[in-house]
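Notes for the structure review
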Amino acid sequence: MASSIGVDESALMYAALYALDFPVQAVAHQKPELRKRAVALLDGEPPLETVYATNIQARALGIKEAMSRLQAESFVGAVVLRRDRECEESGLSILHTTACNFSPRIEAVDGHPGTYVLDIQGMHSLFGDAAQLADKLRKRIMAAGFLANVAVSQNFHTACCLARGRAGVSIVPPESEATALESLPLDVLDPEPEQAETFASWGIRTLAELAALHETDLIARMGQAGKRLHSLARGEWPHLMIPLEVSFESELAEMMELDYPVEMLEPLLFLLARMIDQLLAKVLSRSHAIASLKVILKLERDADGQFQTHQRIVRPALPLQDARTLLKLVQLDLEAHPPKGAIVALDVSAQSAKPHRAQHGLFLPQCPESGQLEILLARLRKLLGYEQVGSPELLDDNRPDAFRMARFAPPSPKLLQTQTAPVPTALRVCRPPQAIGVALKGTLPAQVFWKGQRYMVAELAGPWRFSGQWWSESNWSREEWDVRLMCSSSEQTCRIARDPSSNCWYVQGTYD
C-alpha cells in the first residue's frame, strides 16, 4: 500500500527502517567495488568459519548461511570475506544518525542489525504525511549509501514485519494490519526452529494461514508462544517502545580505512580536514565547540603480524569552533610526534564543550585571539618541548622555587578584573643562579663580587635558613640574605644565598 489515506497523523505511528543484508552492505559501503558482486561474509574461528551473511547475488548462486568456507569458496564468481565489525559499527552509526533527523525516539530491533523503528507521532508538521515522511527517510538512507525498506503502521511489529518482507515503502491504514500482513511468509516472525518445523508439517506458509487458525487450539498445542505468533500475524501484538539513549559524545567519532599504506603526513591532511569538518558540523548542531581531539592512527603490521596504533590527543586551551585551527594543531602535534610506521586507517574522535565567551575591548581585543594563540603555543612546544611551554604551577614542597610547567589555561573573565590591592615588590629569579664571590665580616656578608664589579653591602637582612629531604639523595639546604649593594656607578637590591655543603655563594634573584 503506497497511500496514507485514512491515516490519523495525530495518532501513535511507527516507521520501521530495514537495511537489507546489512552486514554485507556495511562492507560494500567501505568498498564500493563490491556493490554488484556476490558477497558472503564468514564468522567464527579458523578453520571452522561458516557463512554469517550473504547478499541477494550470493543467494542466487546458491550460497546459504552456515556453509563452511570451503563450500562458499567453491562457487564461481563469489567474493568470500571475513566479517568486519568495524564496518558494521560505522554503518550503524550512519543509519542511526540519519534516523535521528526524523524522530527523537528510536529503537533498535534486537537480532536484526540495521533495523530501527521510529516514533513519528507529530512529525507530519515537519515532513508531511506518513507516505511523504517514509519516502524522504528512504531517500536519505539511500543517499547515505544503503538500500533500505520503510514501512509505517500504528502497530510496532507490523511495521517491522512489512519492512523486512516488502520492498520499497509501505503504508498501513488503521485497523488494516492483518490485511497488510497476510501475504508475508512466516520467516518475518522469527519463529523458533521447532515452531517453524511444526508449521511446515501443518502446511502453514504465510501469515494469513497462521492468522486463520483458531487461537484457543493454537495455544493448546504451542502454549503462550503460539498466542504471541498468532497476535503478531494479525498485527495485534502490543509493544512498549524503549528508545535508544545514546550520548551525544559517543557520536563524535569518524573512522576511515585507506586503500594503501601512507608514510607521509601531508597526504593525510586532506582526509583529516574532512573528518574534522564532519565532527565540527555535529558539534555546531548543538551550539557547542570542540574541547579535545583524539587521533588514532592504525599502522601497518609489524614483524609479528600485529597492527600497532599511534595515538595523540590535542587539547586546545579554549574550546574551538574553527576547523582550520584544529587541523593546524593536529598537524603540528603529529609533526612533533610522528608515527613509527605507515598508516592504514584513521580514527578521529572529539569531546565537546560550551564555547568560550569573553567581552572584547571597544577598539582593541583585551587578549590574543584564541586560535592564533593555540597555534603559537603548539609551535613553541614543537621547538622547545612540551615541558618548556605552559604556565608555572607551584608544587606542594618546601624547597624554594619549586614549581612545574602546567598546561596553559587562560583564567575565566571574572579573574581578569583589575586588582585594587597594592602590588608587592617582585623578585626576578635568576635561572640558573649566578655564582658570586662574597667577603665576610665575621659571619655577615660585607662585600660582593659580581659581574666584574665589587659591591659594598649597605644593608642586609637575614639569614633565613632552609633545608629539606635530608632522608634522600635529593636533600638540600641554603642560607638566604636580602642585601642592598652599592658601588660607585650603580646600586642593586637582590637576594643572595649560600649552599653550606659546598660553601658556594650565588645570586638567587634581583628585586624590581
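Reference entry: report on the structure contained in this document.

Criteria and cut-off values
Residues numbered from 1 in each chain as written. Predicted model: local features only at pLDDT ≥ 70, side-chain atom pairs only at ≥ 80, totals over all residues. Heavy atoms only, no water. Helix = DSSP H or I, 4+ residues; strand = E, 2+ residues; numbered from the N terminus. Buried < 20%, exposed > 50% of the residue type's maximum accessible area, 1.4 Å probe, protein only. Contact = heavy atoms within 4.5 Å. Areas by Shrake-Rupley, 256 points an atom, 1.4 Å probe, with all protein chains shown as cover. Core = buried A, V, L, I, M, F, W, Y, C linked by side-chain atoms within 4.5 Å. Pairing = 2+ DSSP bridges. Axes fitted to C-alpha atoms, helices over the stretch in contact; angles between N-to-C directions. Salt bridge = Lys/Arg side-chain N within 4 Å of Asp/Glu carboxyl O. Expected span 1.5 Å × (residues − 1). Phe/Tyr/Trp six-rings, centres within 6.5 Å; stacked < 30°, edge-to-face > 60°. Lys NZ or Arg CZ within 6 Å of the ring centre and 35° of its normal. Patch = residues over 30% accessible without salt bridge, like charges linked within 9 Å, V, L, I, M, F, W, Y side chains within 5 Å. Parallel < 35°, antiparallel > 145°, perpendicular 65-115°, else oblique. Left-handed = near helix turned anticlockwise from the far one by under 90°. Nonpolar A, V, L, I, M, F, W, Y, C, P; charged D, E, K, R; others polar.

In terms of helices and strands, the chain carries 15 helices and 20 strands. For the chain, the proportion of its 512 residues judged to be buried stands at 39%. Long-range pairs, those at least 24 residues apart, make up 56% of the contacts in the chain with a sequence separation of at least 6. Carbon and sulfur atoms make up 53% of the accessible area of the chain, which totals about 29600 Å².

Grouped together as the largest cluster of nonpolar side chains are 35 residues, with contacts concentrated most on Leu272, Leu293, Val330 and Leu346. Of all the elements in the fold, those that place two or more residues in this core are strand 9 (253–262), helix 13 (266–284), strand 10 (289–301), helix 14 (323–336), strand 12 (343–353) and helix 15 (370–384). The element best represented in this core is helix 13, accounting for 9 residues. Excluding anything up to four places from it in sequence, Leu293 contacts Ile276, Leu279, Arg312, Ile313, Val314, Leu326, Val330, Val348, Ser349 and Ala350.

So, about the sheet that holds strand 10. On the basis of which strands lie adjacent, the open sheet formed by 4 strands has the order 9-12-10-11 and antiparallel pairing. Whereas interior strands pair on both sides, the edge strands pair on one side only; in this sheet they are strand 9 and strand 11 (307–314). Neighbour-to-neighbour, the strand axes of this sheet turn through a mean angle of 20 degrees, independent of strand direction. Alignment of strand 9 against strand 12, held across 6 bridges, turns out to be antiparallel. When the bridges of strand 12 are listed, Ala253 appears paired with Ser349. Its contacts with the sheet put helix 13 on strand 9, strand 10 and strand 12, and the angle it makes with strand 9 is roughly 170 degrees. Along the sheet, helix 14 contacts strand 10 and strand 11; its crossing angle with strand 11, the most-contacted strand, is approximately 125 degrees.

Taken as a whole, this structure holds 19 salt bridges when the rule is applied. The closest approach of N and O atoms between Arg105 and Asp119, which form a salt bridge, is 2.9 Å. With Arg105 in the loop between helix 4 (85–100) and strand 5 (106–108) and Asp119 in strand 6 (residues 115–119), the pair connects residues that are 14 residues apart, well separated along the chain. For Asp119, a relative accessible area of 10% puts it in the buried group. When salt bridges with common partners are traced through the structure, they connect Asp43, Arg83, Arg85 and Glu88 into a single cluster.

Let's shift gears to helix 14. Between its first and last C-alpha, helix 14 extends 20 Å over 14 residues, near the 20 Å set by a 1.5 Å rise per residue. For helix 14, a buried count of 10 out of 14 residues is recorded, marking the element as mostly surrounded by other parts of the structure. Along helix 14, the residues classified as buried are Ala323, Thr325, Leu326, Leu327, Leu329, Val330, Gln331, Leu332, Asp333 and Leu334.

To continue, consider helix 13. A rise of 1.5 Å per residue sets the reference length of helix 13, with its 19 residues, at 27 Å; its end C-alpha atoms lie 27 Å apart and thus fit the reference within 8%. Buried within helix 13 are the following residues: Leu268, Leu269, Leu271, Leu272, Met275, Ile276, Leu279, Leu280 and Val283.

Okay, the packing of aromatic side chains next. Applying the stated criterion across every chain yields a total of 5 aromatic pairs. Between Phe199 and Trp202 the ring centres are 5.8 Å apart and the planes differ by 80 degrees, which places this aromatic pair in the edge-to-face class. In this pair, Phe199 and Trp202 are both assigned in helix 9 (residues 193–202), 3 residues apart and thus about one turn of the helix distant. Just above the ring of Tyr52 sits the side chain of Arg83; from NZ or CZ to the centre is 4.0 Å.

A few words on the environment of Val27. With respect to the element layout, Val27 can be found in helix 1 (residues 22–30). For Val27, a relative accessible area of 6% puts it in the buried group. Along the primary structure Val27 and Leu81 are separated by 54 residues, whereas in three dimensions their C-alpha atoms are 9.4 Å apart. Setting aside chain neighbours within four positions, we find Val27 in contact with Leu34, Leu41, Leu81, Asp84 and Cys87.

Its location among the elements puts Met275 in helix 13. For Met275, a relative accessible area of 1% gives the class buried. Separated by 73 residues in sequence, Met275 and Val348 have C-alpha atoms that sit 7.2 Å apart. Apart from residues no more than four positions distant in its own chain, Met275 is found in contact with Glu254, Met255, Met256, Leu346 and Val348.

Looking now at the environment of Ala151. Mapped onto the secondary structure, Ala151 falls in strand 7 (residues 148–153). Of the residues examined, Ala151 reaches a relative accessible area of 0% and is grouped as buried. Each C-alpha atom of the pair Ala151 and Ala134 lies 7.2 Å from the other, and the pair is 17 residues apart in sequence. If sequence neighbours within four positions are ignored, Ala151 has contacts with Tyr14, Ala15, Ala16, Ala159, Leu162, Ala163 and Ser170.

Turning to its location among the elements, His157 is positioned in helix 7 (residues 156–165). Taking relative accessible area as the criterion, His157 reaches 15% and is therefore assigned buried. With sequence-adjacent residues up to four places away left out, His157 is seen in contact with Leu232, Trp237, Pro238 and His239.

Turning our attention to a nonpolar patch on the surface. Taken together, the side chains of Leu376, Leu380, Leu383 and Leu384 define a hydrophobic patch exposed on the protein surface, amounting to about 400 Å² of accessible area. Mapped onto the secondary structure, Leu383 falls in helix 15. Residue Leu383 is classed as exposed on the basis of its relative accessible area of 70%.

Here we come to the packing of helix 13 against helix 14. It is the contact of helix 13 with helix 14, at a shortest axis distance of 10 Å, that shows an interaxial angle of 135 degrees. Our classification of the angle between helix 13 and helix 14 gives oblique. Crossing hand, helix 13 versus helix 14: right-handed. In this structure, helix 13 contributes Leu269, Leu272, Ala273, Ile276, Asp277 and Leu280 to the contact, and helix 14 contributes Ala323, Leu326, Leu327, Val330, Gln331 and Leu334. Looking at the contact of helix 13 with helix 14, its residues break down into 10 nonpolar, 1 polar and 1 charged.

Right, let's talk about the side chain of Ser231 for a bit. Mapped onto the elements of the fold, Ser231 is located in helix 12 (residues 224–233). Ignoring anything within four residues of it in the chain, the contact list for Ser231 reads Glu215, Glu236 and Trp237.

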